[in-house]
There are 2 protein chains.
Amino acid sequence: MSVQTAARAVWRFNPPVGVLGAAAVCGPKEGNGPLAADMDQVFDDLYLGQRTYEQAEQQMQQQACRIALRKAGCDVQQAELLLSGDLINQITPSCFTARALQIPYAGLFTACATIGEAATLGCIAVAGGAARRVLIAAGSHTCTAERQYRYPNEYGCQKPPHSQSTATACGAALLGDIPAAVGICAATIGVVRDHGVCDPFNMGAAMAPAFADTLQRHLAATGSSAADYDLIASGDLGRVGISIARELAAAQGIRLDDTRFGDCGVSLYGDDPSVFAGGSGCGCAAAVGWGYIYRRLQRGEWRRVLLIATGALTSPVAGQQKESIPAVAHAICLCAKGGEC
Amino acid sequence: MSVQTAARAVWRFNPPVGVLGAAAVCGPKEGNGPLAADMDQVFDDLYLGQRTYEQAEQQMQQQACRIALRKAGCDVQQAELLLSGDLINQITPSCFTARALQIPYAGLFTACATIGEAATLGCIAVAGGAARRVLIAAGSHTCTAERQYRYPNEYGCQKPPHSQSTATACGAALLGDIPAAVGICAATIGVVRDHGVCDPFNMGAAMAPAFADTLQRHLAATGSSAADYDLIASGDLGRVGISIARELAAAQGIRLDDTRFGDCGVSLYGDDPSVFAGGSGCGCAAAVGWGYIYRRLQRGEWRRVLLIATGALTSPVAGQQKESIPAVAHAICLCAKGGEC
């Protein structure tokens, strides 16, 4: 197993790093959405039986990790490293999950792009010979994130139509150095892009340039075109971000076909108007990636998917200080056997 | 160059990953302390000419990165990956530094242990063949962190004698795949430990068990003893944490000799009573490591130092919700030529 540098911060893994087990879990609203059948567990209570939403989020991440390990046939002791993150200040749900699982822990944060960062660093560790089993996870909870970044949901604040709604969801996967039905054959770490968007409700517009940049870098370095993928999935651009991303990509000569380009934040909720322009949050790309996308690759319905997790690196304090919103996007190429890029 | 797994999440890098350039910068109080001569730059203004403390912190991290690159004789474009973090919610100083430098960016967070995490993941990337040049950084600012975690310094709140004071400091290093006067020959990623400490002023007590655990794991896996190091440096246990750590280590049969065991948080300020039990913050281990320690290894005064960065994974929200404070510690072994472990 080896890592090859295709360009600056773009890597190929040959043979692909194996996804030995993957899990997607979600909350009640997501469990009533179009991807319900692709979830490993749906929680019908936003509290998950805990006292606080933060503890509920931690439980959700823990559960996703345990399911991914179980599906891989591994116990906690076999995981050598846990790479995980979330949206909460000090990424406490991830820290407390690491305390519960007792796996050596490296916390990560690039907002909703975190699952892409975790997968890429995990693949580098596995393919580079540093670990045989790396557990990765990312999650978000609508009640913790909305309260922290904007307003508590209970407050009932009006939101503009271009706003997005944080998903209650988590995705986890165990990466390993043996072949599996689904693997990761390439990855790109993003460069931070900032086109001056300052509206904390308009994450899609803030993230679209980062998505387009990572897409262009990944395709150029791997010598592939958009048509080579059964699906190119953005993390959570939402409907506003998607249309901007499509324009930015077109300006670089990349045609994002309607039938092969989708957004995890939109897919997770379908036409549900209560999430406005779509879902967001670390759990969005993580749960759609390790649920919906992973299962279709595993069943052989698809051969190759490019998942580009997008993160708005915003903070309420930075916003109050009139900073614009930087964004980053990390890409991973998921492949079925024979679908390696 | 290769990575060898010595035990779960303990690695040897053979030959050592080269520290091609390193930088330590700090604020006015640290610049009046005993390690002033080991700093590459001392800022005499806590605002660094910016409008806000958060922007000052970002400028400080940016400056540390630029000095590390310059000392390595590299320009920004040669750095393939930036691994960095800090204490601020959403690690915004790191995000904005990544925006300024335009290096592919993976954000990290394990509180004051972040520089250990960054160095370890950086070494895995370099020794595993994923990158030839990785820039790592971690920093903290007393005015941003104290306000966010406890009270604004300006408020003049009384603090207990076991409390610590966040350092205004940042450390950065460029890691590479070529030999250098100083290298990193081994590293350990920590397991989260929680002994039930709930007092947000008592970080030293919260972190000591994680320090002792990582020390024991690192020594056992590398077959070394405490006497094999010119210095074992804890990140920022402070005076209270040091004495607990010494007891915990002794219970495991590890004798931490006064002359060869030190704490970055204590060293940075000497006997200054205004920091109470000592300094803390991501910048503490980072600046002492890439200033004081790095220079002594570079000059050949020391041959081998074990730097164990310690992080209290606390959050004001978790504290209000009556959670105890989990902690983690990551170790890196820094060596001069011939001092490899």
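Rules and cut-offs
- Residues numbered from 1 in each chain as written.
- Chains lettered and ligands numbered in written order.
- Predicted model: local features only at pLDDT ≥ 70, side-chain atom pairs only at ≥ 80, totals over all residues.
- Heavy atoms only, no water.
- Helix = DSSP H or I, 4+ residues; strand = E, 2+ residues; numbered from the N terminus.
- Rg over C-alpha atoms; globule rule 2.2 N^0.38 Å.
- Buried < 20%, exposed > 50% of the residue type's maximum accessible area, 1.4 Å probe, protein only.
- Areas by Shrake-Rupley, 256 points an atom, 1.4 Å probe, with all protein chains shown as cover.
- Lys, Arg positive; Asp, Glu negative; His and termini not counted.
- Charge placed at Lys NZ, Arg CZ, Asp CG, Glu CD.
- Contact = heavy atoms within 4.5 Å.
- Buried area = accessible area lost by both parts, 1.4 Å probe.
- Salt bridge = Lys/Arg side-chain N within 4 Å of Asp/Glu carboxyl O.
- Polar contact = N/O pair within 3.5 Å; in protein donor to acceptor, adjacent residues only side chain to side chain.
- Nonpolar A, V, L, I, M, F, W, Y, C, P; charged D, E, K, R; others polar.
- Least-squares fit on C-alpha atoms with pLDDT ≥ 70 in both.
- Axes fitted to C-alpha atoms, helices over the stretch in contact; angles between N-to-C directions.
- Parallel < 35°, antiparallel > 145°, perpendicular 65-115°, else oblique.
- Left-handed = near helix turned anticlockwise from the far one by under 90°.
- pLDDT = per-residue confidence, 0-100.
- Core = buried A, V, L, I, M, F, W, Y, C linked by side-chain atoms within 4.5 Å.
- Phe/Tyr/Trp six-rings, centres within 6.5 Å; stacked < 30°, edge-to-face > 60°.
- Lys NZ or Arg CZ within 6 Å of the ring centre and 35° of its normal.
- Pairing = 2+ DSSP bridges.

## Structural notes on the overall build of chain A
Alright, step 1. The helix and strand tally for chain A stands at ten helices and 14 strands.
Alright, step 2. Computed over its C-alpha atoms, the radius of gyration of chain A comes to 18 Å, within 12% of the 20 Å expected for a compact globule of 341 residues.
Alright, step 3. Its C-alpha atoms give chain A principal-axis dimensions of roughly 50 × 50 × 35 Å.
Alright, step 4. Burial statistics for chain A: of 341 residues in total, 68% are counted as buried.
Alright, step 5. Looking at chain A as shown, the accessible area adds up to about 10400 Å², and 48% of this sits on carbon and sulfur atoms.
Alright, step 6. Computed over 26 positive and 29 negative side-chain charges, the inter-centroid distance for chain A is 4 Å.

## Comments concerning the interface of chain A and chain B
Alright, step 1. The interface is formed by 62 residues belonging to chain A together with 62 residues belonging to chain B.
Alright, step 2. Summed over both sides, the interface of chain A with chain B buries roughly 4700 Å², with 57% coming from carbon and sulfur.
Alright, step 3. Looking at the side of chain A facing chain B, the largest losses of area belong to Arg 8, Gln 90 and Gln 321 of chain A, adding up to 15% of the total buried there.
Alright, step 4. Our enumeration of links across chain A and chain B arrives at four salt bridges.
Alright, step 5. Of the charged contacts in the structure, one is a salt bridge between Arg 99 of chain A and Asp 194 of chain B, with a shortest N-O distance of 2.5 Å.
Alright, step 6. At the boundary of chain A and chain B, one finds 40 residue pairs in polar contact (both at pLDDT 80 or more).
Alright, step 7. Ranked by residues supplied to the side of chain A that touches chain B, first place goes to helix H3 (residues 92–101) of chain A with five residues.
Alright, step 8. Class assignment of the residues belonging to the side of chain A that touches chain B gives a composition of 32 nonpolar, 20 polar and ten charged.

## Focus: the relation of the copies chain A and chain B
Alright, step 1. Rotating chain A by 180 degrees and moving it 0.0 Å along the rotation axis overlays it on chain B with an RMSD of 0.0 Å. Taken together, the rotation angle and the small translation identify this as a two-fold axis.
Alright, step 2. Interface overlap between copies is the fraction of interface residues in one copy that are interface residues in the other; for chain A against chain B it reaches 100%, indicating a shared surface.

## Some thoughts on the environment of Ala 79 of chain B
Alright, step 1. If you trace the backbone, Ala 79 of chain B turns up in the loop between helix H2 (53–71) and strand E4 (81–86).
Alright, step 2. Owing to a relative accessible area of 1%, Ala 79 of chain B belongs among the buried residues under this scheme.
Alright, step 3. Residues Ala 79 of chain B and Glu 117 of chain B lie 38 residues apart in sequence; the distance between their C-alpha atoms is 18 Å.
Alright, step 4. Aside from chain neighbours lying at most four places away, what touches Ala 79 of chain B is Arg 8 of chain A together with Leu 69, Ile 103, Pro 104, Arg 133, Leu 135 and Leu 174 of chain B.

## Here we look at the packing of H2 of chain B against helix H3 (residues 92–101) of chain B
Residues and elements named next belong to chain B.
Alright, step 1. Running from amino to carboxyl end, H2 crosses H3 at an angle of 50 degrees, the nearest separation of the two axes being 8 Å. With respect to H3, the element H2 is oriented oblique. In the crossing of H2 with H3, the sense of the turn from one axis to the other is right-handed. Side by side, H2 and H3 meet where Glu 57, Gln 58, Gln 61, Gln 62, Cys 65 and Arg 66 of the first sit next to Pro 93, Ser 94, Phe 96, Thr 97, Ala 100 and Leu 101 of the second.

## So, the confidence of the model for chain A
Alright, step 1. Summarising the model, chain A shows a mean pLDDT of 97, and 100% of its residues fall at 70 or more.
Alright, step 2. Under the prediction, the complex receives an ipTM of 0.98, its pTM being 0.99.

## Some words on the nonpolar core
Alright, step 1. Core analysis: the largest hydrophobic core is formed by 197 residues, its most contacted members being Trp 290 of chain A together with Trp 290 of chain B.
Alright, step 2. In contact with Trp 290 of chain A, other than residues within four places in its own chain, are Val 19, Ala 22, Ala 23, Ala 24, Ile 115, Ile 136, Gly 171, Ala 172, Ala 173, Ile 184, Ile 332 and Leu 334 of chain A.

## Things to note about the packing of aromatic side chains
All names here are of chain A.
Alright, step 1. If you walk through the whole model with that rule in mind, you get ten aromatic pairs over all chains.
Alright, step 2. The interplanar angle of 15 degrees and the centroid separation of 4.2 Å between the aromatic rings of Tyr 47 and Tyr 53 together place this pair among those described as stacked.
Alright, step 3. Tyr 47 sits in the partly exposed class, given a relative accessible area of 33%.
Alright, step 4. Of the residues examined, Tyr 53 reaches a relative accessible area of 12% and is grouped as buried.
Alright, step 5. Summarising the aromatic geometry, the rings of Tyr 292 and Trp 302 are spaced 5.7 Å apart at their centres and angled 80 degrees between planes, so their arrangement reads as edge-to-face. Remark: Trp 302 occurs in the loop between helix H9 (282–298) and strand E13 (304–312) and Tyr 292 occurs in helix H9; sequence separation between them is ten residues.
Alright, step 6. Residue class for Trp 302 comes out buried when judged on its relative accessible area of 16%.
Alright, step 7. Residue placement shows Arg 304 over the ring face of Tyr 229; its charged tip is 5.7 Å from the ring centre.

## Here's the deal with the pairing of strand E6 (residues 133–140) of chain A
Residues and elements named next belong to chain A.
Alright, step 1. Of all eight residues making up E6, eight are buried, and the element is well covered by its neighbours.
Alright, step 2. Where burial is concerned, the two faces of E6 agree: the one with Arg 133, Leu 135, Ala 137 and Gly 139 and the one with Val 134, Ile 136, Ala 138 and Ser 140 are both buried.
Alright, step 3. As paired strands, strand E4 (residues 81–86) and E6 are joined by six bridges and run parallel to one another. Within E6, the position partnered with Leu 81 by the bridge is Val 134.
Alright, step 4. Taken together, the eight bridges between E6 and strand E8 (residues 169–176) define a ladder with antiparallel strand orientation. By the bridge assignment for E8, Gly 139 is matched with Cys 170.

## Some points on the pattern of salt bridges
Residue and element names in this part refer to chain A.
Alright, step 1. This model, assessed by the stated rule, comprises 27 salt bridges over all chains.
Alright, step 2. Between Glu 54 and Arg 147 there is a salt bridge; the shortest N-O distance is 2.9 Å. Residue Glu 54 is located in helix H2 (residues 53–72), and its partner Arg 147 is located in helix H5 (residues 142–149); the two are separated by 93 residues in the primary sequence.
Alright, step 3. Glu 54 gets classed as buried once you look at its relative accessible area, which sits at 8%.
Alright, step 4. Put simply, Asp 40, Lys 71 and Arg 295 are held in one network by salt bridges that share partners.

## Looking at unusual backbone geometry
Residue and element names in this part refer to chain A.
Alright, step 1. Residue Pro 15 is bonded to the preceding Asn 14 through a cis peptide linkage, with omega at -5 degrees.
Alright, step 2. Summarising the element assignment, Pro 15 is placed in strand E2 (residues 10–26).
Alright, step 3. Of note in the backbone geometry, Gln 90 takes a positive phi value of approximately 65 degrees without being a glycine.
Alright, step 4. Looking at where Gln 90 falls in the secondary structure, it is placed in the loop between E4 and H3.
Alright, step 5. Phi is positive for Ala 111, which is not a glycine, with a value near 55 degrees.
Alright, step 6. Its place among the elements puts Ala 111 in the loop between strand E5 (105–107) and helix H4 (114–127).

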